[in-house]
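Coordinates in review
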Amino acid sequence: MLQSLLSELKRFICLKTAVASFLIYVFIVPIANATEIVVNQSVPVREFSLNNIRAIFTMRQRFWPNGEQIKVFTLADQHSLHKSFSKNQLQMFPHQLRRVWDRIVFSGTGQAPVTLENEQEMIDKISTTPSAIGYLSRDPDNEKIRLFVSQ
Amino acid sequence: MKRYDYLLVNKFLVCCIGLLISLQVQAQFWPEDLKVHGFLTQNFFHTSDNNVYGQSDDGISPGLTEIGLNLSYQPFKRLTLSAQGLYRRAGKVGGGVVRLDYGVADLNLFNYQNGRVGIRGGRIKIPFGLYNETRDVAFTNPTILLPQGIYFDRSRSLLVSADGGSLYADHRTEFGDFYFKFNLGMPLGDNEEIRSSILGPAAKGQIKASPAFATQLSYELNGGETVFAVSFMNLKLKYQPTVADFISAGNTTIRPLLFSAQYNGEKLGLTAEYQYRWNDYKGYVVIANTQFVTESWYIQGSYRFLPQVQGIVRYDTYSSDIEDRGGQRAARNGLPNHLAYAKDWMLGIRWDITPTLMLRTEYHRVHGTAWLAQSDNQDQSKTKQDWDLYALQISYRF
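What counts, and at which threshold
- Residues numbered from 1 in each chain as written.
- Chains lettered and ligands numbered in written order.
- Predicted model: local features only at pLDDT ≥ 70, side-chain atom pairs only at ≥ 80, totals over all residues.
- Helix = DSSP H or I, 4+ residues; strand = E, 2+ residues; numbered from the N terminus.
- Expected span 1.5 Å × (residues − 1).
- Buried ≥ 20, exposed ≤ 12 C-beta atoms within 10 Å, placed from the backbone.
- Contact = placed C-beta atoms within 7 Å.
- Domains from an automatic or database assignment.
- Nonpolar A, V, L, I, M, F, W, Y, C, P; charged D, E, K, R; others polar.
- Pairing = 2+ DSSP bridges.
- Axes fitted to C-alpha atoms, helices over the stretch in contact; angles between N-to-C directions.

On to helix α4 (residues 94–107) of chain A. Here α4 of chain A contains 14 residues, and its C-alpha end-to-end distance of 20 Å stays within 8% of the 20 Å for a straight helix at 1.5 Å per residue. Most of α4 of chain A sits inside the fold, with ten of its 14 residues counted as buried. Along α4 of chain A, the residues that are buried comprise Pro94, Gln96, Leu97, Arg99, Val100, Trp101, Arg103, Val105, Phe106 and Ser107 of chain A. The elements touched by buried residues of α4 of chain A are α2 (50–57) and α3 (80–90) of chain A together with β1 (35–47), β2 (61–76), β5 (115–125) and β11 (250–264) of chain B. Immediately beyond the C-terminal end of α4 of chain A, within one or two residues, lies Gly108 of chain A, with a positive phi of roughly 75°.

Attention shifts here to the domain arrangement of chain B. In terms of domains, chain B is made up of domain 1 (1–30) and domain 2 (34–397). Using only C-alpha atoms to locate each centre, domain 1 of chain B and domain 2 of chain B end up separated by 27 Å.

Our focus in this paragraph is the interface of chain B and chain A. Each side of the interface is counted separately: chain B has 27 residues, and chain A has 26 residues. Counting only elements with at least two residues in the side of chain B that touches chain A, the list comes to β1, β2, β3 (79–90), β4 (94–112) and β6 (161–173) of chain B. With five residues, the single largest contributor to the side of chain B that touches chain A is β4 of chain B. In terms of residue class, the side of chain B that touches chain A is built from five nonpolar, 13 polar and nine charged.

The next thing to look at is the sheet that holds strand β5 (residues 132–136) of chain A. All names here are of chain A. The sheet built from five strands is open, its strands ordered β4-β3-β5-β1-β6 with mixed pairing. If you trace the sheet from one side to the other, it starts and ends with β4 (114–116) and β6 (145–147), each paired once. Averaged over all adjacent pairs, the angle separating strand axes in this sheet is 35°, with direction ignored. With two bridges joining them, strand β3 (residues 71–75) and β5 adopt parallel strand pairing. By the bridge assignment for β5, Val72 is matched with Ile133.

Right, dumping it as C-alpha cells:
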C-alpha cells in the first residue's frame, strides 16, 4: 500500500518535472529569444512571408507596394537581439547578412541598413520614420509602431 | 625622396578620412541620405624565394597597402549615385596611386513583388566569380591573397572595373533567388603586367582593350547560405608594337568561363570555383596563330572556432595550357618550365578583434611560378619552383 503510494508519488514528481520543462520550452525559451518585427504605422503591408522579410533586410526589396521606399533599421552584428532576430526571424546567421551588406556597399550596388545603438533608439526611429521597419524584443505599446505578422 | 612619396599620400588620405568621420559625427553638417564607408588595409609579406609585392625574398615587404573610401547618395527614390576612391600601392605592379574604383549611377527601372530590374552606368565593378566585385576589400575576402589561379593580381586592371553600362535583374522564388548581371564596357587594362602575362617579358609595345562584356547568373538558397554562380567574360586586347619591337601588331581574345559554389554555414564554410579559359592569339608575326585553354580551380574550407576566430585551408591549382601542363613550351623558349603552372596549398587564421578591426595571417606552400608578377621578378630564369609565402594583414573598416 505504502509502496504503491510512493511509486504514485514518484510518477507524479516525474510528470511534474516533465510538465515544467515542457512549459519552460514552450513559454520561457521563446520569450528569452523573442523578437518582434515592427514597422511604422504608415507601412501599407500587414503581414510578411520569410521570402519578403529576407529580401527587405538584405536590401534587395527596396519599396513597399505603395511605392514608398523601405527604411531598414538594425542593431550591431554582435547585439544579442540582432543575433536572435536573424536566427529566428530570417533563419540566417549575422555573418551571412554582413556578407550580403558588405558586397553591396563596397561594390557600389546598394546601401546597407542604418545601424542603431540600442532598442530605445530603435523605438524612437521606427515611431518617427515613415515607411520604417526594424525589430524589438517585445511589443512597445506605442501607437506609431505596429507589429508585423508572419503569414 | 620618391620612395617615400606614398607615405605623404597615406597621410593625406588618413586626414581626409578623419575629416569625413568627424563631419559624420557632427550630424548637422551631414545629409542623412549620404552614406560613407571605407577601409584601410596593410599587408606584410615574406617569401623563401621569389618576390611578391616588392622585395619579400629574404626580407619583409610592406608592399601592399589598400585604402578605400566610398560615398553613396540617393537624390531621387529610384536613383542612387555611388563612388569609391581607391589608393593602392602593390609592389612594383601598381605604384601608389589614387584612382576611381567605381562611379555608378543606378536607376531602378521597375519592381514587382518578387524582384526588380535596373540599369547602371559609369565605372562599374566587373561581376566575376564570388569575390571579384569586392576584391580589394579585405573584410569581404576569405584570405589575404585571393586564389591567384582565378583572381590574378598581376593582370587585375583588366578585371577590376569597366567604363560602360550594366543591366541587372533579381527574381525571388519559393525555391531560391536568382540574380543576373550583364555588363558591357571598356576594361581599364593598359599596363606592362598584362602585356608581359600575355606576350612575355620582351614585348615593349602597348596593349589596348576593346569594349568587352561580362555576365553573371547566380542562384542563392536560404538567403545566401548556399550560392551557385556562372560567370563569363569576353576580353579583346589589341597589341600596338613600338618601332624596334620584335613582336608585330596582333590581337588576343580571352574568354573565361567560371563556375562557383559556396556553402556559408554557422561555423563551416566550403567554397569551390572552376575556371575554363579560352585564349586566342591572332596576327602576331613571331607567335604562330594559336589557341589554347587555361584551367584553374580551387577548393577551400573554413571553420569558425569562436565567433571571432576562423581557420581556413585551401588548395588552388593553375595550368596555363592544359595541353602543356608541364611547361615544355616555356622550356623550349629558354624559360623555366614552372612558369606554366602553380599549385598552392594555404593555411590561414583570421581574428575579428572587433567588428571593424581584423587581423589575419596565412602560410602558402607554392609549387610553380605562373602567377608571380613580372615586375617584382625581373629575371624569370632566377625564379624558384618551390617556395613558401607568409603573409600578415591588418584591416580597419567603417
